[in-house]
Amino acid sequence: MPNPLKPSERMKIPRQHSIEQNPEERNRNFNEVSFGLNEELALLEAKRCLDCKNPVCIDGCPVRIDIPAFINLIIEKDYSGAADKIREANYLPAICGRVCPQEDQCEIVCILGKKHDPVAIGKLERFVADYEMANKLFKSPVVTNQIDKKVAIVGSGPAGLTCAAELVKLGYKVTIFEALHATGGVLRYGIPEFRLPKEILDIEVNRVRELGAEIITNFVVGRTATLDELIDEMGYEAVFLGTGAGTPNFMEISGEHFSGVLSANEFLTRVNFMKAYAFPETDTPIKIGKQIAVIGGGNTAMDAVRTAKRLGAEKAYLIYRRSRKEMPARIEEVQHAEEEGIEFLMLTNPLRIVGDEFNWVKAIECQKMELGEPDDSGRRKPIPIKGSEYIIEVQNVIEAIGQKPNPIIQATTPGLGVSKRGTVVVDNKTMVTSRPNVFAGGDLIHGGATVILAMHDGKAAAASIHEYLQKGG
Amino acid sequence: MYKIIKKQKLSDTITKLVIESPLVAKKRKAGNFVMIRVVEGGERIPITIADSDIEKGTVTIIVQAIGKTTKMLCSLNEGDFVLDFVGPLGEPTPIHNYGTVVCIGGGVGTAEVYPIAKALRDAGNEVIGIIGARSKDLIILEKEMGEVCNKLYITTDDGSYARKGFVSDQLLELINKGTKIDGVYAIGPIPMMQVCANVTKPFGIKTYVSLNPIMVDGTGMCGGCRVTVGGKMKFACVDGPEFDAHQVDFDELIMRNRTYIDLEKTSLEKYEEHICNLYEKSLSGKGVK
């Protein structure tokens, strides 16, 4: 056993915290908020692991990383081995170490967490991935097996990248088709630089490429070629759809047509994907006023409001109709937003957007809410308080109230089963759609979930595709 | 990278580019557009496909140099590349045999209505073309439109060529003369499309326009291109770009298209300053002061 400490000694070590950029500084730059754990802190944190006989943390992980094994390798200072161990289950550790909601997955079930704080599994994952990158220890595994069958992956987000990596490792010829001009899907257009630096994303995407997956950008499946053309004309024997949930919802209240009202998708795509923060050095513009409001309580809302603050908004409000407790965003993101000076207007519901004579937003009218009985989602339902309407002066309204799947593939693929919500219907275990050679996963089937769930689906689909193709297709 | 195979200046500001993209050439239909990014750091702009050649694997676009990106695009030469070129996007024009269809192009909009006129003619329609521009030098595709239209009318605002007046004047005249018209496609500047829609509305003539709102991705992701049609929110990139002209809120579209007008100006000024500097440098490099 590598851990020299007795369990009682391990329990005495407090949970270690990442080194972070000072909030007053970081809310004016796009550099990463958290620097992660250094080697000393990581070693200390790793020694907290009880190395349980029945490691329930593995069950908590959607891709079933062998968590105690990689933590033991950290204790042995075999960081490269630890990274390889994670990669057996998850080819994108530097990304997951940053954006996974570990507090709801592996860490929530950690036995240490029953009486103390759980092991900071996510931060350890990030530490080994970063250590490996910084010291250039990564060696691409050599794929020796060759299977002469082509598989098409649609979308280069977390689901697609994971599915591709798994299939390449099995020996398949894999092509990823990406509609945009750059890879990564939501990891690039959605998640800001200060949470997931593009450099890190580029490195992990390139590793999938290096492993042997071909990536074709500027190819919209459904338009440039239909799904059936991929199969019938281009020779792909199976297809995985991981096109995400990229179509934004709008509140459908009055005044949404005013200039200055944007979906969080548009706002984040302009800033993250098109680099509008560097305008006029880059060409895509963005206009952020002194006062702005973001509507919503999820991670996208947090990303949007923190981005707006960084672009110079003096007052950045987060408007959410329930209370803080019901917010779907990660606690860490909510805390970070608060530290950065975001003003939370909870139990507040937008009624209409008011424009000026130039058709620009000048205010948003809201009303106060109170919580009633739990609704279908199990969360207490917000009820308007009569006569509580009031006006907040803002020059931008950014709506982060959820996304739905892009409709292009569903509309151009006959026989593909689609739900009323526009999500593609799959078998929960095999990820197979209504068509035997077409599989799907990620936000496309969930309608807006997490990176790690998308990766789980990509991995499960890869196994099913393998099984399907081994049976002879 | 997508290679420019052929370049032709159609006027001082309007340039025809033939770009290599076999997949887009093969799939595109009348009414489709592409998103183009010229260089790294550049913006993505939508441009309607004017024509294609499946055998040669090329797509033709016609671009009017107005802002930084279109000026940059028009400054490229044969053999140069654009960084990104993706499509064909948008819903294609529904092509049926309607009977007699009037296809109206205003300015560079003629390049957008041309493939529609061609497809409608191929589908057996009687096609009447009306093309117009501010002045003679801005009239484009006269020969091409002449070939696909049973009858072609031309107007210029200043009277420097053909009939003096607007395309909508010609349209109204045709209607007043009692010409049987089963449908109208009007593509050009927003005010032109709006006037054409107002002309046909009292007569109940089905009229379609192709909208050009601000877009970022062009695939339904951002919602920046949302337009109000029949009181409902539509995304021009995936629900359009063609819509029933009598249902479109044109005033809203005009206002929304002004959202970044000051920043677009900044961007252009910076670019032109940069071009001037390059020019001066090239002169001084040759020893000319």
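What counts, and where the lines are drawn
- Residues numbered from 1 in each chain as written.
- Chains lettered and ligands numbered in written order.
- Predicted model: local features only at pLDDT ≥ 70, side-chain atom pairs only at ≥ 80, totals over all residues.
- Heavy atoms only, no water.
- Pairing = 2+ DSSP bridges.
- Helix = DSSP H or I, 4+ residues; strand = E, 2+ residues; numbered from the N terminus.
- Axes fitted to C-alpha atoms, helices over the stretch in contact; angles between N-to-C directions.
- Contact = heavy atoms within 4.5 Å.
- Domains from an automatic or database assignment.
- Buried area = accessible area lost by both parts, 1.4 Å probe.
- Salt bridge = Lys/Arg side-chain N within 4 Å of Asp/Glu carboxyl O.
- Polar contact = N/O pair within 3.5 Å; in protein donor to acceptor, adjacent residues only side chain to side chain.
- Nonpolar A, V, L, I, M, F, W, Y, C, P; charged D, E, K, R; others polar.
- Phe/Tyr/Trp six-rings, centres within 6.5 Å; stacked < 30°, edge-to-face > 60°.
- Buried < 20%, exposed > 50% of the residue type's maximum accessible area, 1.4 Å probe, protein only.
- Lys NZ or Arg CZ within 6 Å of the ring centre and 35° of its normal.
- Parallel < 35°, antiparallel > 145°, perpendicular 65-115°, else oblique.

**Some thoughts on the sheet that holds strand β10 (residues 315-319) of chain A**
Residues and elements named next belong to chain A.
- Judged by pairing direction, the sheet is parallel, and its five strands sit side by side in the order β8-β16-β9-β10-β11 without closing on themselves. With partners counted over all chains shown, the strands left at the sheet margins are β8 (261-263) and β11 (343-345), one partner each. The mean inter-strand angle of the sheet, taken between neighbouring strand axes irrespective of direction, is 20°.
- Direction of pairing for β10 relative to β11: parallel, over a ladder of three bridges. Across the sheet, residue L318 finds its bridge partner in β11, namely F344.

**Re the environment of S11(B)**
Residues and elements named next belong to chain B.
- Position of S11 relative to the elements: it lies in the loop between β1 (2-9) and β2 (14-20).
- Along the sequence, S11 and D137 sit 126 residues apart, while their C-alpha atoms lie 6.0 Å from each other.
- With residues near it in sequence (within four places) discarded, S11 still touches D137 and L138.

**Notes on the sheet that holds strand β5 (residues 58-64) of chain B**
Residues and elements named next belong to chain B.
- With antiparallel pairing, the seven strands of this open sheet are ordered in space as β6-β1-β2-β5-β4-β3-β7. Each of the sheet's edge strands pairs with one partner strand only, and the pair in question is β6 (81-82) and β7 (84-89).
- Of the strand pairs in this sheet, β1 and β6 are connected by two bridges, and their pairing is antiparallel. Counted as the bridge partner of Y2 is V82 from β6.
- Running over the sheet, helix α2 (residues 68-75) touches β1, β2, β3 (33-37), β4 (45-53), β5 and β6 and is turned about 125° from β5.
- Along the sheet, helix α3 (residues 110-122) makes contact with β4 and β5, crossing β4 at roughly 40°.

**Observations regarding the domain arrangement of chain A**
All names here are of chain A.
- One can read the domain layout of chain A as domain 1 (7-134), domain 2 (150-246 + 404-470) and domain 3 (250-401).
- Each of domain 2 and domain 3 was reduced to a C-alpha centroid, and the two centroids are 30 Å apart.
- Listed as interface residues are 13 residues of domain 2 and, on the opposing side, twelve residues of domain 3.
- Together domain 2 and domain 3 conceal approximately 1100 Å² of surface at their shared face, both sides included; 57% is due to carbon and sulfur atoms.

**Thoughts on the pattern of salt bridges**
Residue and element names in this part refer to chain A.
- Applying the stated criterion across every chain yields a total of 49 salt bridges over all chains.
- Here E103 and R330 are joined by a salt bridge, their closest N and O atoms 2.9 Å apart. With E103 in the loop between α7 (93-99) and α8 (121-134) and R330 in the loop between β10 and α15 (331-339), this pair connects stretches of sequence that are 227 residues apart.
- Where D228 meets R435, a salt bridge forms, and the shortest distance between an N and an O atom there is 2.6 Å. Note that D228 is positioned in helix α12 (residues 227-232) and R435 in the loop between α16 (408-412) and β18 (438-440), a separation of 207 residues in sequence.

**Looking at the interface of chain B and chain A**
- Contacts between the two partners involve 43 residues from chain B and, on the opposite side, 46 residues from chain A.
- Taken together, the two surfaces of chain B and chain A that pack against each other cover about 3800 Å², and 55% of this comes from carbon and sulfur.
- Taken together, the connections running from chain B to chain A amount to six salt bridges.
- Between D283(A) and K68(B) there is a salt bridge whose closest N-O contact spans 2.7 Å.
- On inspection of chain B and its partner chain A, the count reaches 20 residue pairs in polar contact (both at pLDDT 80 or more).
- Mapped onto the side of chain B that touches chain A, the elements with two or more residues apiece are α1 (22-27), α2, β7, β15 (232-235), α8 (250-256) and α9 (261-285) of chain B.
- The element that contributes the greatest number of residues to the side of chain B that touches chain A is β7(B), accounting for six residues.
- Classifying every residue of the side of chain B that touches chain A by side-chain character gives 18 nonpolar, ten polar and 15 charged.

**Observations regarding the pairing of β4(B)**
Residues and elements named next belong to chain B.
- In terms of strand pairing, β3 meets β4 through four bridges, oriented antiparallel. Within β4, the residue paired with F33 across the bridge is T48.
- Bridge analysis of β4 against β5 gives four bridges, and the strand direction is antiparallel. What sits directly across from S52, in β5, is V59.
- Turn length for the β4-β5 hairpin, with the two strands adjacent in sequence and antiparallel, is four residues, and the turn residue G57 shows positive phi of about 70°.

**Quick word on the domain arrangement of chain B**
All names here are of chain B.
- Partitioning chain B into domains gives domain 1 (2-89) and domain 2 (100-256).
- Domain 1 puts 19 residues into the contact, and the matching count from domain 2 is 20 residues.
- The junction of domain 1 with domain 2 conceals about 1500 Å² of combined surface from both sides, 65% of it contributed by carbon and sulfur atoms.
- The interface formed by domain 1 and domain 2 holds one salt bridge in total.
- Among the salt bridges present, the one from D51 reaches K118, with a minimum N-O distance of 3.4 Å.
- In this assembly, domain 1 and domain 2 are joined by four residue pairs in polar contact (both at pLDDT 80 or more).
- Residue assignment for the side of domain 1 that touches domain 2 shows that the elements contributing at least two residues are β3, β4 and β5.
- Tallying contributions element by element places β4 first for the side of domain 1 that touches domain 2, with five residues.
- The residue inventory of the side of domain 1 that touches domain 2, partitioned by class, reads eleven nonpolar, five polar and three charged.

**Focus: the packing of aromatic side chains**
- Summed over all chains, the structure comprises eleven aromatic pairs over all chains.
- Considering the side-chain rings of Y2(B) and F85(B), the 5.8 Å spacing of their centres and the 35° angle between planes classify their relative orientation as tilted. Of this pair, Y2(B) sits in strand β1 while F85(B) sits in strand β7, and the two are 83 residues apart along the sequence.
- In this structure Y2(B) comes out as buried when scored by relative accessible area, which is 16%.
- Directly above the aromatic system of F344(A) lies the positively charged group of R324(A), at a separation of 5.3 Å from the ring centroid.
- A cation over a ring is seen here: K151(B) above Y153(B), with NZ or CZ 4.6 Å from the ring centre.

**Structural notes on the packing of helix α5 (residues 67-75) of chain A against helix α6 (residues 79-89) of chain A**
Residues and elements named next belong to chain A.
- At a minimum axis distance of 7 Å, the contact between α5 and α6 shows a crossing angle of 170°. Taken together, α5 and α6 sit at an angle that is classed as roughly antiparallel. Judged by residue contacts, A69, F70, L73 and I74 of α5 engage Y79, G81, A82, K85 and I86 from α6.
- Taken together, the residues of the contact of α5 with α6 break down into seven nonpolar, one polar and one charged.

**Observations regarding the packing of α8(A) against helix α11 (residues 198-211) of chain A**
Residues and elements named next belong to chain A.
- Where α8 contacts α11, the axes come no closer than 12 Å and their chain directions differ by 80°. If you check the angle between α8 and α11, you find them roughly perpendicular. Note on element contacts: α11 touches α8 through I200, I203, E204 and R207, opposite D130, E132 and M133.
- For the contact of α8 with α11, a count of residues per class yields three nonpolar, no polar and four charged.

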